[in-house]
Structure formats: C-alpha cells, structure tokens
Amino acid sequence: MKTDPPRSLKRYGTVWRWHFYAGLIIAPILLLLAITGGIYLFKGTIEASIYSEYYDVRPNQDGVTYPPSELIANALTAHEEIETVTSYSPSEEATRSVAIGASFEDGASGTVFMNPYTGESLGVLLDQNRVMERLIELHSELMLGTFGDRVVELTASWTIILIASGLYLWWPRRSKPTLYGVWLPRVRKGKRVLVRDLHAVPAAWLSIGLLFFVLTGMLWTGFWGNGVQHLATSTGQGYPPSIWVGDAPQSLTEDVAESAWAAQKLPVPLSGNEQGYEQVSIDDVVTTGLHRGLHPSYTVYFPRSETGSFTLSAFPDQARDEATMYVDQYTGAVLADYRYDDYGLVGKWMATGITIHKGLEFGLLNQLFGLLICIGLVGIIVSGFFLWRRRKPQHHMGAPKANSIRHNRALLVILLLFAVVFPLVALSLLVVFLLDVFLIQKNKRLKAFFHA
C-alpha cells in the first residue's frame with residue numbers, strides 16, 4: 001500500500017524545488033554581479049594606477065596654487081571644444097590634481113584635469129572612456145538601461161529568497177548535529193557529498209554578509225531603491241523638512257548633482273536675484289566650502305538656471321563625513337547645509353551601509369571582506385552548478401517533484417510576504433504561474449522535463 005510522504009518531507013521538497021529553479025535562472029547574472037562587484041571594490045586603487053598621468057601632481061616649493069577661476073579660464077583656453085563647465089573639484093590632497101567637469105560641443109561629457117601649481121592642463125578624460133564607469137554600468141544595469149536595472153533588482157530580490165530557502169535546506173534536523181556537513185565540509189565521504197558540502201557550508205557561513213551586500217546594493221535600484229527613499233522621506237527619516245531657507249524648492253538634488261544617497265531626494269533651494277546681482281565667483285564658493293569644513297573630496301556643481309544654486313556635495317569614504325550644501329549664486333549666502341548628523345536614523349543606516357558595500361568605510365579590511373563575499377559567491381554558484389550536473393537525470397531537470405504550495409500555508413505566507421516587500425518578485429511569480437498553467441501543464445514533454 002502506497003502512503004503519502006510526511007508533510008515535513010513535502011515541505012522540504014517544495015523549498016528545494018523553489019531554491020533549485022531560482023538559482024538556476026539567476027545564476028548567470030549573479031555570477032556577473034559577483035565578479036564585477038569584486039573588481040569595483042578596488043576602484044580607487046585601479047583608477048589611481050590607470051590615470052596617474054591625470055591625477056598626480058608635484059607641489060612647488062612654496063605650495064601656492066592657482067585660484068579656481070583661473071584654472072577654469074585656463075581649461076577653457078586649452079580646450080576650445082568645451083561648451084559648458086558643469087563642476088569643480090578641488091584637490092583632495094597636495095599631490096592631487098584639480099578636476100573640472102565639462103560638457104563638450106559634440107555632446108560628450110568628461111573631466112579636464114588641471115595642475116593647481118602650474119595652471120596647466122593635464123588632459124581630458126571623457127566619461128565614456130572611464131573603465132570603472134563602464135564596469136559599474138555593467139554591475140548596476142547590465143549596460144541595458146532601465147530594463148537592465150530591473151533585471152538586476154529582480155536578481156537581487158530572488159537572491160534573498162535563495163538565501164532564505166538555502167538556510168532552510170542546510171539547517172540541521174538532528175537533535176545533535178555533527179560538526180562536519182554542517183559547519184565544515186566532509187572530505188572523506190566521496191565527491192558527491194563533498195560537492196554538496198562545498199555548496200551548502202560556505203553559503204551558510206557567508207549568508208549574513210551576502211544578505212547585507214544584496215540589500216545595500218538594492219538601494220541603487222530604480223524601483224525598490226526609489227521606494228525606500230520615498231518611504232524614508234515621508235516618515236521623516238530622510239532629510240529634515242526645514243533644512244533650507246528662502247523660496248520653495250522646485251528640483252531635487254539628484255537632478256543637479258552626484259550626491260550621497262540620503263541627500264538625493266533633498267529639494268534644491270532657489271537663488272533670488274531681485275536686486276540684479278551678478279553671479280558670485282567660484283573662488284568665493286570654494287572658500288565657503290573650506291570655511292564650512294567640508295571634506296576635501298567635495299565637488300561644486302554650477303547652477304543650471306537663473307534661479308538655481310551652487311551645490312556642494314561630498315560623499316567620501318566614511319559616511320560620517322558626507323555633506324550637501326547649497327549656496328545662493330548671487331549673494332553667496334549658504335541656503336542649506338546638510339550633514340550626516342542631520343540624517344534620520346534610517347538615513348544614517350543606509351549611508352553607512354552604502355559605504356561598506358562600496359568597500360570604503362573601513363579601508364582595506366572592508367575591501368577584503370567584500371572580496372571574500374564575492375569570491376565565496378562565485379564558489380557557491382560554481383559548486384551549485386556542478387552539484388546539479390552530477391545529480392541531473394536524463395529525462396528531467398533534476399528538481400524534486402512539484403507539490404502544490406497552496407497546501408502549505410506557512411510557505412505560502414512567506415512567499416506572499418516576499419512579494420509584498422519586493423514588488424518585482426510578485427510580478428515574476430505571476431509570470432511563473434501563467435507559464436505553469438497555460439504552457440507547462442498543457443504540454444506533456446514540458447511537464448515531464450520540469451518534473452511538474
């Protein structure tokens with residue numbers, strides 16, 4: 001007489017099936033994200049080596065430098081193809097050049113590097129030719145624009161489901177679990193057991209770190225990340241509502257400058273010119289930033305309209321040094337000065353999480369930790385692929401037999417919670433459901449192949 005397997009075994013098989021197919025589908029993109037992310041952790045070191053001819057300068061004996069206005073004038077003279085100067089970045093240290101952001105007549109954008117001691121141009125580096133910019137474009141949106149951003153967000157969302165389901169499958173069910181097979185791989189139980197342990201054991205060790213990197217990475221996504229920003233703002237955990245003075249703001253900081261995550265939705269205050277003043281000198285704006293104690297990595301973004309303001313933005317290695325400041329372009333008055341201490345609790349968490357994600361907050365130790373997560377993720381993906389290939393039968397994909405999740409309320413509730421928190425997961429579940437009902441279940445070969 002044939003009896004049904006116990007409910008716990010059915011639940012285990014259902015979780016395994018979801019874990020299996022989710023991993024198989026997103027593995028290629030996840031592998032790409034791990035490799036590009038591991039390289040990007042060392043962006044500063046890589047760019048310092050590649051672009052040393054633009055970055056490195058030798059101070060003169062007296063240490064006297066050209067004022068910003070003269071450096072900009074020299075840049076315009078040396079490069080007649082410049083159409084508009086968009087930003088000015090002072091030297092972060094004595095041996096570093098000045099960077100002048102510009103747009104060119106052919107529509108390109110880039111940076112003119114100037115020697116602050118001699119006033120001479122060190123050359124132009126177009127944004128489209130920056131190696132690390134192309135790498136982060138691949139990492140964040142697969143070089144596919146908005147569509148690629150959504151694919152990366154969906155991959156990250158399902159990675160969280162992979163982590164949760166993987167921990168469920170790994171969790172020891174014996175009353176007295178052994179050390180090997182749980183916390184250490186079993187090396188004397190044959191290749192099949194070893195490959196399984198090389199997939200499950202490192203994944204368990206790295207799960208918390210991987211979850212952290214996935215969630216902080218999703219803050220940049222155009223759908224979920226924007227939703228978190230709007231939520232933080234609406235609940236008072238973003239920028240404080242009375243941070244600016246003067247007329248009501250009309251645009252956001254992300255529209256006019258590269259800024260810290262917590263300041264991207266900060267409205268930009270307006271510059272008033274009822275008295276008919278001329279625009280203040282960039283020299284005065286830079287001096288204001290210096291007197292206000294901004295971190296030397298800050299950049300001054302020029303106003304884009306007659307009512308716009310100078311935006312001074314610093315988002316350096318440590319989140320505590322972040323700053324976003326606005327200066328009236330006619331009077332030179334500081335309209336708003338927004339620092340890390342002004343962030344709400346969520347804003348502070350997010351700011352610190354982002355600098356850790358980028359490998360900046362704790363220096364080399366932070367980079368090595370991130371690299372360990374990336375290398376570990378590559379190993380988990382590769383071992384998972386070999387585990388599947390060794391176990392896969394000829395007649396179907398190798399996943400456990402499908403059991404209706406409707407009969408398991410706990411799993412159904414968890415899956416619905418994931419769908420609520422991550423809307424793209426809900427959309428993908430709908431697609432999976434429609435494919436299963438109208439395609440797989442109606443085709444015998446597909447049904448057998450997917451073990452449905």
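Bear in mind the structure is a predicted one, so any value in this text is a computation, not a measurement.

A. The nonpolar core, seen in detail. Membership of the largest hydrophobic core comes to 29 residues, with the highest contact counts inside it found for Trp 158, Met 218 and Phe 422. Among the secondary structure elements, those contributing two or more residues to this core are α1 (7–40), α6 (145–170), α7 (191–217), α8 (224–234), α12 (363–391), α13 (409–421) and α14 (423–440). Other than its neighbours up to four places away in sequence, Trp 158 contacts Trp 18, Ala 22, Ile 26, Val 425, Ser 428 and Leu 429. Ala 75, Tyr 88, Val 112 and Met 325 belong to the second-largest nonpolar core, a separate cluster that totals 26 residues.

B. Focus on the UniProt feature "transmembrane region" (unreviewed entry) in the chain. Listed under "transmembrane region" (unreviewed entry) in the UniProt record, and renumbered for this structure, are residues 20–42, 151–171, 198–220, 368–388 and 409–435. Regarding residues 20–42, the helix share stands at 91% and the strand share at 0%, and the terminal C-alpha atoms are separated by 33 Å. Secondary structure content for residues 409–435 is 96% helix and 0% strand, while the C-alpha to C-alpha distance between its ends is 23 Å.

C. Molecular detail of unusual backbone geometry. Non-glycine residue Leu 142 carries a positive phi angle of around 55°. Along the chain, Leu 142 falls in the loop between α5 (131–141) and α6. Here Met 143, not a glycine, exhibits a phi torsion of approximately 60°, which is positive. Relative to the helices and strands, Met 143 is located in the loop between α5 and α6. For Met 143, a relative accessible area of 42% corresponds to the partly exposed category.

D. Spotlight on the packing of α5 against α6. For the pair α5 and α6, the least separation of the axes is 7 Å and the interaxial angle reads 60°. With respect to α6, the axis of α5 lies oblique. Between α5, through His 139, Ser 140 and Glu 141, and α6, the contact on the second element is made entirely by Gly 145, Gly 148, Asp 149 and Val 152. Split by residue class, the contact of α5 with α6 holds 1 nonpolar, 4 polar and 2 charged.

E. Inspection of the pairing of strand β4 (residues 121–126) at higher detail. Examined bridge by bridge, strand β3 (residues 109–114) and β4 share 5 bridges and lie antiparallel to one another. By the bridge assignment for β4, Val 112 is matched with Val 124. The hairpin turn running from β3 into β4, its antiparallel successor, is 6 residues long, and Gly 119 in that turn takes a positive phi close to 75°.

F. Structural context of the packing of α7 against α12. Interaxial distance between α7 and α12 falls to 8 Å at its minimum, and their mutual angle equals 145°. Of the two elements, α7 crosses α12, and the hand of that crossing is left-handed. Class assignment of the residues belonging to the contact of α7 with α12 gives a composition of 14 nonpolar, 6 polar and 5 charged.

Basis of the calculations
- Residues numbered from 1 in each chain as written.
- Predicted model: local features only at pLDDT ≥ 70, side-chain atom pairs only at ≥ 80, totals over all residues.
- Heavy atoms only, no water.
- Core = buried A, V, L, I, M, F, W, Y, C linked by side-chain atoms within 4.5 Å.
- Buried < 20%, exposed > 50% of the residue type's maximum accessible area, 1.4 Å probe, protein only.
- Helix = DSSP H or I, 4+ residues; strand = E, 2+ residues; numbered from the N terminus.
- Contact = heavy atoms within 4.5 Å.
- UniProt positions renumbered as here; feature names shortened; annotations may be inferred.
- Axes fitted to C-alpha atoms, helices over the stretch in contact; angles between N-to-C directions.
- Parallel < 35°, antiparallel > 145°, perpendicular 65-115°, else oblique.
- Nonpolar A, V, L, I, M, F, W, Y, C, P; charged D, E, K, R; others polar.
- Pairing = 2+ DSSP bridges.
- Left-handed = near helix turned anticlockwise from the far one by under 90°.

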